[in-house]
Amino acid sequence: MKIVVAIKQVPDPNGPQGLEADNRLTRSREVALDPGDEYGIEVALRLKESQGGEVVLVSMGPERARDALRKGLSMGADKGILISDTVLEGADALLTARALAAAIAPLAADLVVCGTESYDGSTGMVPPMLAEILGLPQLSAAGQVEVSGDSITVHRQTGDGHQVVEAALPALVSVTAAVGEPRYASLKGIMAARSKEISVVTGAALNIDAGRRAEVVEGVEDAEARPPGETLEDDGSNGAERILTALRACKVI
Amino acid sequence: MAKIWVYAEIKDGVLEGTALELLTCARKFGGVEAIALGPGSRASVPALSAHGASRVLFSEEAVFADYLAEPHTDVMAALVLERSPDLVLFGFTSDSRDVAGRLAARLGCGLISNGIGLEVDASGVRVQVPYFGGAKVATYRANQQPALVLIRPRSFAASESGGAVDLEELAVEPSPASLRARIVDRKIEASERVKLEDAKVVVAGGRGLGGAENFSLLEDLAEALGGAVGASRAVVDAGWVPYSTQVGQTGKTVTPEVYIAAGISGAMQHTVGMKGSKFVIAINRDKDAPILKIADLGIVGDALRIVPQVTQGIRDQRGT
């Protein structure tokens, strides 16, 4: 089966974070493959192992987003496509989904895999938009994914458990971390990734124009901070006593 | 006056409560109509009406409960094109997100996601959105008509306003092409004594607890307080506790009277889901942990020792 995984390079969640003067996230610092996307790649690789086929990674970003693709290739994906174009800089979710869809549609994938939401933007909107534009059903919040013949079954996480959701392929699935730990790239995988193909396509080649953004940013302010509270070093018993006093003051005991 | 719609999600036959919060907020800004789809929608009318919906469009059609997103998107898209609302509000819940995302792509209008505040006046629709992990708040003005906006649960308190309601039962003819992602079974995993979102006290744990086995200490304390247990993303991802306990950006938003964070460092991913709590108690070995900076009471110490002491203290007070 042909599996496409949409991935994103994000500011390294473990690295220093910052904002530019214009309130855009600092992109020049440490970057990493979105940790949520590693789960998507893992699901795709497991399906390839059980079903056979090919895993293609698709990303949109500046030239250096190649590093994120390369990491996925090191894990075992077969090839990468990078959509890179200044006209797409600062794209909102819909423009991102349009560009990804334009690159993915010609691949005639059986399954498109996404994370649930990115670490930096966190809107969670690209997967449903991408499914809609590609004309696919979306199986969202999938914590377990199985493919059997032409159909896919997922455990879709809900507030109090899960739903079992089925669809015929082709389909789009957005996965959570419950699918299982992503594999590490082996040394062999890292070496092999160097010779794997990453093709770069432009917005013009995909016939994508920037369109009109869904919103205009009018301002960014500091979030309302909670007033500083009291801090106490526990000496073995005073911590618990102070907490009990606070719980009484809050009238919950 | 702005024409505002609230997408009132019906989940397992019951109205998802965020719709009532959205109605309460939206009725200040214009005439508000609610759209409720699926079995249970008719029963949701009194609550929707009481919270300010002047009209409720509903359908008891079973496909809305049996299939994900697509039949809902079909109905919403047709209604929007026919009736041109200025603003459509959705709760930031997983079912509503799927519908809103598809709808925005189908209408080609995009949307504003993850909102925590809303203002509507003659100059447009403005949405406050947490930014940079919640340290900042951005104000977005919608640039498209209709504006589609997703608002995080618990961003507003729901209150009743009363008033008369028009009912409109929608004649829905589901398109077979949209009946694709089918829900074939439902499994309830958590036998929560108290629902996390409704608990007056939440006792939440993170990696600092050292291991899954230590969560029982939190369960004991939560039980003594009549509260619920929550968790950070790190420990949920690590498989210590079920996803249903996760508090934060990707999890639940809670606003209890008291939130006790034990061994949680306080990454923005987590705090965005709990900082509306009235009183925050944090226990952490690291005196520099970010959670101590937002706590009303921060204890620098070992949660594994302190939590059982507190539990015992409550039991002693009750004489049990």
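Here the residue numbering is sequential within each chain, running from 1 through the sequence in written order. Both sets of labels track the order of writing: A upward for chains, 1 upward for ligands. Per-residue local features of the predicted model are confined to residues with pLDDT of at least 70, and side-chain atom pairs are confined, for both listing and counting, to 80 or more; whole-chain, interface and lining totals are unaffected and use all residues. Only hydrogens and water are set aside; all other atoms, that is, all heavy atoms of the structure, feed into the side-chain values.

Once that is clear, we can look at the pattern of salt bridges. The rule for a salt bridge is simple: a side-chain nitrogen of Lys or Arg has to be within 4 Å of a carboxyl oxygen of Asp or Glu. Within this structure, the stated rule accounts for 37 salt bridges over all chains. Among the ionic pairs, lysine 71 of chain A bridges to glutamate 38 of chain A, the shortest N-O distance being 3.0 Å. Here lysine 71 of chain A is found in helix 2 (residues 66-75), whereas its partner glutamate 38 of chain A is found in helix 1 (residues 35-51), with 33 residues between them in sequence. Look at lysine 71 of chain A and you get partly exposed, because its relative accessible area is 37%. With relative accessibility at 16%, the residue glutamate 38 of chain A sits in the buried group. Arginine 186 of chain B is the salt-bridge partner of aspartate 12 of chain B, the closest N and O atoms lying 2.8 Å from each other. Of this pair, aspartate 12 of chain B sits in the loop between strand 2 (10-11) and strand 3 (14-15) while arginine 186 of chain B sits in strand 13 (residues 182-188), and the two are 174 residues apart along the sequence. For aspartate 12 of chain B, a relative accessible area of 42% translates into the label partly exposed. Each helix is a run of DSSP H or I of at least 4 residues and each strand a run of E of at least 2, with the numbering of both proceeding from the N terminus. Accessible area is worked out with a 1.4 Å probe on protein chains only. A residue is then buried under 20% of its type maximum, exposed over 50%, and partly exposed in between.

A few words now on the sheet that holds strand 12 (residues 215-222) of chain A. What the four strands build is an open sheet, ordered 12(A)-10(B)-9(B)-8(B); its pairing is antiparallel. The open sheet has two edge strands with one neighbour each: strand 12 of chain A together with strand 8 (117-121) of chain B. The average undirected angle you get between the axes of adjacent strands in this sheet is 20°. Relative to strand 10 (residues 136-142) of chain B, strand 9 (residues 124-131) of chain B runs antiparallel, the two sharing six bridges. Each bridged residue has a counterpart across the sheet, and for valine 127 of chain B the counterpart in strand 10 of chain B is tyrosine 140 of chain B. Paired strands, as defined in this entry, are two strands with at least two bridges between them according to DSSP. Only C-alpha atoms enter the line fits that serve as axes; for helices the fit covers just the stretch in contact. Angles between N-to-C directions range over 0 to 180 degrees.

Residue and element names in this part refer to chain A. The interhelical angle for the contact between helix 1 and helix 2, taken along N-to-C directions, is 35°, at an axis separation of 10 Å. Helix-helix and strand crossings are classified by hand; for helix 1 and helix 2 the assignment is right-handed. Contact residues: Glu38, Ile41 and Leu45 in helix 1; Lys71, Gly72 and Met75 in helix 2. Its residues placed into classes, the contact of helix 1 with helix 2 shows three nonpolar, one polar and two charged. Note on convention: the crossing is left-handed when the near helix lies turned anticlockwise from the far helix by less than a right angle, right-handed when the turn is clockwise. Whether two residues touch is decided by their heavy atoms; if any such pair falls within 4.5 Å, the residues are in contact. The nonpolar class holds Ala, Val, Leu, Ile, Met, Phe, Trp, Tyr, Cys and Pro. Asp, Glu, Lys and Arg form the charged class, and all remaining residues, Gly among them, are polar.

All names here are of chain B. The domains assigned to chain B are domain 1 (2-178) and domain 2 (196-318). Domain delimitation in this document rests on an assignment produced automatically or drawn from a domain database. Just the C-alpha atoms count here: the centres of domain 1 and domain 2 sit 32 Å apart. Buried area: the accessible area, evaluated with a 1.4 Å probe, that two parts lose upon being put together, summed over both parts. Counting each side, the surface lost to burial between domain 1 and domain 2 is near 750 Å², with a carbon and sulfur contribution of 40%. Counting every contact that joins domain 1 to domain 2 gives one salt bridge. The residue aspartate 198 makes a salt bridge to arginine 154 at a minimum N-O spacing of 3.2 Å. Any pair of nitrogen or oxygen atoms within 3.5 Å is treated as a polar contact; in protein, a donor-acceptor pairing is required on top of that, and neighbouring residues in sequence qualify only through side-chain atoms on both sides. Here domain 1 is connected to domain 2 by four residue pairs in polar contact (both at pLDDT 80 or more). The residue inventory of the side of domain 1 that touches domain 2, partitioned by class, reads five nonpolar, three polar and two charged.

A few words on the interface of chain B and chain A. In this assembly, 84 residues from chain B lie in contact with 74 residues from chain A. With both chains or domains summed, chain B and chain A bury close to 6700 Å², and 55% of this area falls on carbon and sulfur atoms. Scanning the region where chain B abuts chain A turns up nine salt bridges. Between arginine 156 of chain A and aspartate 95 of chain B there is a salt bridge whose closest N-O contact spans 2.6 Å. Inspection of the region where chain B meets chain A yields 33 residue pairs in polar contact (both at pLDDT 80 or more). With nine residues, helix 5 (residues 94-107) of chain B is the largest single contributor of residues to the side of chain B that touches chain A. Looking at chain direction, strand 9 (residues 161-168) of chain A and strand 13 of chain B are connected through six bridges and run antiparallel. Across the sheet, the residue bridging to valine 165 of chain A is isoleucine 183 of chain B, located in strand 13 of chain B.

When you line up the elements, leucine 292 of chain B lands in helix 9 (residues 290-294). Owing to a relative accessible area of 7%, leucine 292 of chain B belongs among the buried residues under this scheme. Put simply, leucine 292 of chain B and leucine 148 of chain B are 144 residues apart on the chain and 37 Å apart in space, counted from C-alpha to C-alpha. When residues no more than four places from it in sequence are discounted, the contact partners of leucine 292 of chain B are Thr231 of chain A together with Ala282, Asp286, Lys287, Gly298, Ile299 and Val300 of chain B.

What we call a nonpolar core is a set of buried Ala, Val, Leu, Ile, Met, Phe, Trp, Tyr and Cys residues that are connected through their side-chain atoms within 4.5 Å. Ranked by size, the top nonpolar core spans 98 residues in total, and within it Val58, Val145, Ile152 and Val173 of chain A carry the most contacts. For this core, the element with the most residues is helix 3 (residues 93-104) of chain A, which contributes nine residues. If near-sequence neighbours (up to four positions away) are discounted, valine 145 of chain A is found in contact with Val43, Leu47, Ile152, Thr153, Val154, Val173, Val175 and Val179 of chain A. Counting 38 residues, the second largest nonpolar core, distinct from the first, contains Leu23, Ala26, Val32 and Val120 of chain B.

Once that is clear, we can look at a nonpolar patch on the surface. A contiguous nonpolar patch, built from Leu187, Ile190 and Met191 of chain A and spanning about 300 Å² of accessible area, is present on the exposed surface. Counting through the fold element by element, methionine 191 of chain A comes out in helix 5 (residues 187-194). What goes into a patch is any residue over 30% in relative accessible area without a salt bridge, connected to like charges within 9 Å or, for nonpolar side chains (Val, Leu, Ile, Met, Phe, Trp, Tyr), within 5 Å. Surface accessibility follows the Shrake-Rupley procedure with a 1.4 Å probe radius. Residue values consider only the protein chains on display as shielding.

Quick look at the packing of aromatic side chains now. Residue and element names in this part refer to chain B. Working definition: rings of Phe, Tyr and Trp (its six-membered ring) pair if their centres are within 6.5 Å, and the pair is stacked with planes under 30 degrees apart, edge-to-face with planes over 60 apart, and tilted otherwise. In total, this model carries two aromatic pairs over all chains according to the counting rule given. Aromatic side chains phenylalanine 215 and tryptophan 240 sit 6.4 Å apart centroid to centroid with 75° between the ring planes, which places their arrangement in the edge-to-face category. Separated by 25 residues along the polypeptide, phenylalanine 215 in helix 6 (residues 215-225) and tryptophan 240 in the loop between helix 7 (233-237) and strand 16 (258-262) bring together distant segments of the chain. For a lysine, the NZ atom is tested; for an arginine, the CZ atom; a charge sits over a ring if that atom is within 6 Å of the ring centre and within 35 degrees of the ring normal. Of note, arginine 97 hangs over the ring of phenylalanine 92, and the distance from its end group to the ring centre comes to 4.3 Å.

Direction vectors running N to C along helix 4 (residues 126-134) of chain A and helix 5 of chain B enclose 50°, while the axes themselves pass 7 Å from each other. One finds that helix 4 of chain A runs oblique with respect to helix 5 of chain B. For the element pair helix 4 of chain A and helix 5 of chain B, the recorded crossing hand is right-handed. Within the contact between the two elements, helix 4 of chain A uses Pro128, Met129, Ala131, Glu132 and Ile133 of chain A and helix 5 of chain B uses Arg97, Asp98, Gly101, Arg102, Ala104, Ala105 and Arg106 of chain B. Within the contact of helix 4 of chain A with helix 5 of chain B, the residues separate by chemical class into six nonpolar, one polar and five charged. Should an angle fall under 35 degrees it is taken as roughly parallel, and over 145 as roughly antiparallel, whereas 65 to 115 is taken as roughly perpendicular and any remaining angle as oblique.

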